[in-house]
Amino acid sequence: MNINKYPEIHPGKKLFKRVYVAIMLWTVGKAIQVAAKVDKEVKEELAKLPDNFTLRMMVAPEKAFPLFFYAKTLPAFVVDKGLLFYGIQMILHKDKEGKIKYLGADPKGKKIDLNIVFKNIEAAWMVLSFQESTATAYMHDRFVVEGDLVHSLTFVRVLDIVEIFLLPKIIAKLAVKRYPKWAEMSPLRKFVKRVVIYIRAYTF
Amino acid sequence: MLLPGFYDFCCRVRIVSGQNALEKIPAMLKKMKAHTPLVVTDKGVVGAGLVDVVRDAVGKELEIVNVFDNVPVDSDYKIVDEVAKIYRQKNCDSIIAIGGGSVIDTAKGANIVASLGGETLLDYEGFSAVKRKLNPLVVIPTTAGTGSEMTLVAVIADPDRKIKMLFVSYFILPDLAVLDPRMTKTLPDFLTASTAMDAMTHACEAYYCLEKNPLSDSFAMRAIKIISENLLKVVKNPADMEGRLALANASTMAGVAFSNSMVGLVHNLGHTIGAICHVPHGTAMSILLPYGMEYNMHRCGEIIGEILLPLAGPEVYAQTNKKERPEKVVELIRKMNNDLYEATGGRHSRYLNEITDKNGAQVVPESLLPVIAQATMQDGARMANPEECLPADAMLVLEHAWQGKPLDRSKVNKGGTKVKY
Ligand SMILES: [Fe+2]
């Protein structure tokens, strides 16, 4: 066996996927925060979570990767301190009043009640690039849930609604089990929420 | 054949089955280096004389002195802790569970505490708390239906917090399951019917829900065949020991199937109706199974159609046009429920409005259907169902199942892409 024949694996090879997943998680986190304010169904769904509840979605393992070197070239919001130190994470918190807030990627000092962990970057990539629906990913063991399973059902439902808001139909169809028709969700609601969520998520 | 992109399958329970299977227990326990078992059971099982049957069968080789018979219908962690305490006081080294789902779950929970130490089951809550091999656990099911002897889950209630705790680990699986028809002989006909329909539901849902895989498929298919060939026969003739053994086997096989794939809408609705209205699990399953199939038919009709082969045999399968097979399956399941209704003198319910309690009062009032529909969102079985099921969808199914008319499939919300397994 000639070891030289085998290609060298560069750690930076998955950088694109990592950056993409980080941006997606950031967008999803922000979008849920906004959707919880503006959409009735999301609000009702999130009301099922207990108050003072912290939820985290992350990619295993929990460690920094050499993103430092690219920090300058990346948009400011990606270079979250938590992201550099703890890897790709998205933390959402529901406070005493039931308000949902996106808390970035820094888990330090936070008690995580529900932890949704993608087993690796490939798994997160498959799901967040919509090659696999949330349900299929669940079936294929792409992520593990630590905490109360019932709360993860709530989160998956919220994720589905937000994806329907944010994504064009052709892509959202791949992400959710069933894309709602007219009678289930009017295009007007979809469109208005899409605009509002995008604007508010990227401006506040 | 359908090969999923990924699946995992594990079945490491030793099974002995036969007219004299109970007699094998002492030798098998000895092999596991266990000599002092604690029998965990409930008052009903003791009352039916089943513990004595086991005692006689194991004879002098194994003396059964330690018996805990206080497991209630809805067991909780306090009972589990009590069992573990007795286990230690009496210096036991293994557990023999004799009973249905609640007894088996209690025994699984007690085995965690008794083997790993500690005072209470609450210490082991969560997904990966059980990390090493537990002491020997033998399960002797007294109903042919739940399949709990083959599952790696124990569901135990916490009455203080009003929640059901889920314990999931391969180590929770029993070491030995004993299938002996003497144990189900005294089961009343309507319970034989509903528990077997629970097993039927496990097999069918394992076959068409999202986590289906070739290994669980084969278990499911054979289980369906055995149940459809034997159930009515046994209900009509309770002394049919061969038929009873066949049903016990089918239930165990269906247990392997659904433990390694998943259940869907039928269990999702059934769990919720059970929690809110206290409808027995098997009854809810018999009623809802045809509706679950109808609801998912536009997503995976072809796969549901394949169930016709074990359900009706090769002649009917070959004679039925491919397009009509799924509808034929639903029709036959409905017919089965009807036949069981007649054979049990009306004690096997076919619709939700038919279920009555001991005093003849209605168990599921129509006014509760919206509450049930909302609560279905909180049950894990919704994940593996091929079609999305939101409260409005659940309501549609429940209304039809309540009135007992076939599901109007034109009203089912559609709009998904092809199901990916
Ligand atoms: Fe069941």
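Right above here is the structure, for reference.
Attention in this report is confined to the structure presented alongside it. Because the structure is a prediction, the values reported are computed rather than measured.

For the rest of this paragraph, the subject is the pattern of salt bridges. In total, this model carries 29 salt bridges over all chains according to the counting rule given. K48 of chain A is the salt-bridge partner of E45 of chain A, the closest N and O atoms lying 3.1 Å from each other. According to the relative accessible area criterion, E45 of chain A is buried, its value standing at 7%. Between E23 of chain B and R182 of chain B there is a salt bridge; the shortest N-O distance is 2.8 Å. Residue E23 of chain B is found in the loop between β1 (14-17) and α1 (25-31), and its partner R182 of chain B is found in the loop between β8 (176-179) and α6 (189-208); the two are separated by 159 residues along the sequence.

All names here are of chain B. Coordination of the iron ion by the protein comes from D198 (OD), H202 (NE2), H267 (NE2) and H281 (NE2), over a distance range of 2.1 to 2.3 Å. One can describe the site at the iron ion as irregular: its four donor atoms subtend angles covering 83 to 167° at the metal. Spacing between the donor residues of the iron ion along the chain follows D-x3-H-x64-H-x13-H. Highlighted residues: D198 and H202, both in helix α6, separated by four residues, approximately one helical turn. Residue classification places D198 among the buried positions, given a relative accessible area of 3%.

Take the packing of aromatic side chains next. A full pass over the atoms with the stated rule returns six aromatic pairs over all chains. Between F16 of chain A and W125 of chain A, the aromatic rings sit 5.9 Å apart at their centres with planes inclined by 70°, giving edge-to-face as the arrangement. Placement of F16 of chain A in helix α1 (residues 15-38) and of W125 of chain A in helix α4 (residues 121-128) is noted, with a sequence separation of 109 residues between them. Residue classification places F16 of chain A among the exposed residues on the basis of a relative accessible area of 57%. One aromatic cluster is present, built from ring pairs that chain together F16, Y20 and W125 of chain A. Across from the ring centre of Y341 of chain B, 3.4 Å away, lies the NZ or CZ of R350 of chain B, which sits over that ring.

Cut-offs used in this document
Residues numbered from 1 in each chain as written. Chains lettered and ligands numbered in written order. Predicted model: local features only at pLDDT ≥ 70, side-chain atom pairs only at ≥ 80, totals over all residues. Heavy atoms only, no water. Salt bridge = Lys/Arg side-chain N within 4 Å of Asp/Glu carboxyl O. Buried < 20%, exposed > 50% of the residue type's maximum accessible area, 1.4 Å probe, protein only. Helix = DSSP H or I, 4+ residues; strand = E, 2+ residues; numbered from the N terminus. Donors = N, O, S within 2.8 Å, 3.2 Å for Na, K, Ca; no water. Tetrahedral: all angles 85-135°; square planar, octahedral: opposite > 155°, others 65-115°. Phe/Tyr/Trp six-rings, centres within 6.5 Å; stacked < 30°, edge-to-face > 60°. Lys NZ or Arg CZ within 6 Å of the ring centre and 35° of its normal.

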